[in-house]
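Topology and contacts: notes
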Amino acid sequence: MKLEDLANKEIEITSDGLLKVVEKKKGKFVPKEGELYWFIDSYGYVCSEFECDEWFIKHKTVFRTREEVQQYKRYLDILDKYKHEFSAEEWINENIEKWHLRYYTNSCELDLYNAYTIKSPNCTYFKSKVDAEAFINEVGEESIKRFMFDVWE
């Protein structure tokens with residue numbers, strides 16, 4: 001086997017102690033009891049844990065590797081840089097643009113939408129189309145699909 005053949009592959013240890021090359025698991029990572037997982041704690045630190053807290057796993061985003069959680073932290077930091085929290089007065093003002101991202105499940109495409117006065121729950125808004133596009137360009141569409149829309153391809 002060549003090194004190139006290991007792209008998108010993982011190594012597992014079989015019950016008899018041998019190493020086995022397998023396809024990387026797709027989808028959102030859900031650790032099993034006793035399996036190491038990585039997360040961002042309430043202070044913004046990257047942490048790892050073996051203890052499987054079902055509530056925590058169900059309600060927080062956890063990762064298989066330190067590199068994956070660091071990518072998520074980078075995404076959150078960049079999101080904080082570009083997002084905007086509109087005041088109640090700004091929401092009723094139809095002249096103020098309020099941009100957010102949409103994901104079309106049938107075409108797997110991202111789109112920008114100007115909400116004006118329609119506020120949706122759990123939606124991140126941007127003050128301008130330029131800010132929204134800058135966010136997309138800086139973090140990349142794959143990170144947005146994964147972390148904002150829970151699409152783990």
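Right above here is the structure, for reference.
In short, a report on the structure.

1. Quick word on the overall build of the protein chain
- A tally of helices and strands in the protein chain yields 5 helices and 7 strands.
- Traced from its N-terminal end to its C-terminal end, the protein chain shows the element sequence β-β-β-β-α-α-α-β-β-β-α-α.
- For the protein chain, with 153 residues in total, the buried portion stands at 29%.
- For the protein chain, long-range pairs separated by at least 24 residues make up 48% of all intrachain contacts whose partners lie at least 6 apart in sequence.

2. Comments concerning the pairing of strand β6 (residues 109–114)
- Side chains of β6 alternate between two faces, with Leu 110, Leu 112 and Asn 114 buried and Glu 109, Asp 111 and Tyr 113 left unburied.
- The pairing of strand β5 (residues 99–104) with β6 spans 6 bridges and is antiparallel. Directly across from Arg 102, in β6, lies its bridge partner Asp 111.
- Linking β5 to β6, which pair antiparallel, is a turn of 4 residues; within it Cys 108 sits at a positive phi near 60°.

3. A look at the environment of His 100
- Inspection of the secondary structure puts His 100 in strand β5.
- Note: C-alpha distance between His 100 and Asn 114 (14 residues apart in sequence) is 6.6 Å.
- Apart from the residues lying within four places of it in its own chain, the contact partners of His 100 are Asp 111, Leu 112, Tyr 113, Ala 115, Cys 123, Thr 124, Tyr 125 and Phe 126.

4. Remarks on the packing of aromatic side chains
- Under the counting rule described, the total for this entry stands at 15 aromatic pairs.
- Plain terms: the ring middles of Trp 91 and Tyr 125 are 4.9 Å apart, the flat faces sit at 85° to each other, and that makes the pair edge-to-face. With Trp 91 in helix α3 (residues 88–92) and Tyr 125 in strand β7 (residues 125–126), this pair connects stretches of sequence that are 34 residues apart.
- Here Trp 91 falls in the buried class, since its relative accessible area comes to 9%.
- What links up through ring pairs into an aromatic cluster is the set Phe 63, Tyr 72, Tyr 75, Tyr 82, Phe 126, Phe 135, Phe 147 and Trp 152.
- A cation over a ring is seen here: Lys 98 above Phe 86, with NZ or CZ 5.8 Å from the ring centre.
- Above the ring of Phe 147, the side-chain terminus of Arg 146 is found at 5.9 Å from the ring centroid.

5. A look at the nonpolar core
- Membership of the largest hydrophobic core comes to 22 residues, with the highest contact counts inside it found for Phe 63, Tyr 75, Leu 101, Phe 126, Phe 135 and Ile 144.
- With 6 residues, the single largest contributor to this core is helix α2 (residues 66–82).
- Listed in part, the 8 residues of the second largest apolar core include Phe 39, Cys 47, Cys 52 and Val 62.

6. Describing the sheet that holds β6
- With antiparallel pairing, 3 strands are arranged side by side in an open sheet as β6-β5-β7. The open sheet terminates on both sides in strands that have one partner only, identified here as β6 and β7.
- By the bridge criterion, 2 bridges tie β5 to β7 in an arrangement that is antiparallel. Each bridged residue has a counterpart across the sheet, and for His 100 the counterpart in β7 is Tyr 125.
- Contacts from helix α4 (residues 129–139) reach β5, β6 and β7 within the one sheet, and its direction differs from that of β6 by about 160°.

7. Some remarks on the pairing of strand β3 (residues 37–40)
- The pairing of β3 with strand β4 (residues 46–49) spans 4 bridges and is classified as antiparallel. What sits directly across from Ile 40, in β4, is Val 46.
- Connecting the antiparallel pair β3 and β4 is a turn made up of 5 residues, with Gly 44 showing a positive phi of about 90°.

Rules behind the numbers
- Residues numbered from 1 in each chain as written.
- Predicted model: local features only at pLDDT ≥ 70, side-chain atom pairs only at ≥ 80, totals over all residues.
- Heavy atoms only, no water.
- Helix = DSSP H or I, 4+ residues; strand = E, 2+ residues; numbered from the N terminus.
- Buried < 20%, exposed > 50% of the residue type's maximum accessible area, 1.4 Å probe, protein only.
- Contact = heavy atoms within 4.5 Å.
- Pairing = 2+ DSSP bridges.
- Phe/Tyr/Trp six-rings, centres within 6.5 Å; stacked < 30°, edge-to-face > 60°.
- Lys NZ or Arg CZ within 6 Å of the ring centre and 35° of its normal.
- Core = buried A, V, L, I, M, F, W, Y, C linked by side-chain atoms within 4.5 Å.
- Axes fitted to C-alpha atoms, helices over the stretch in contact; angles between N-to-C directions.

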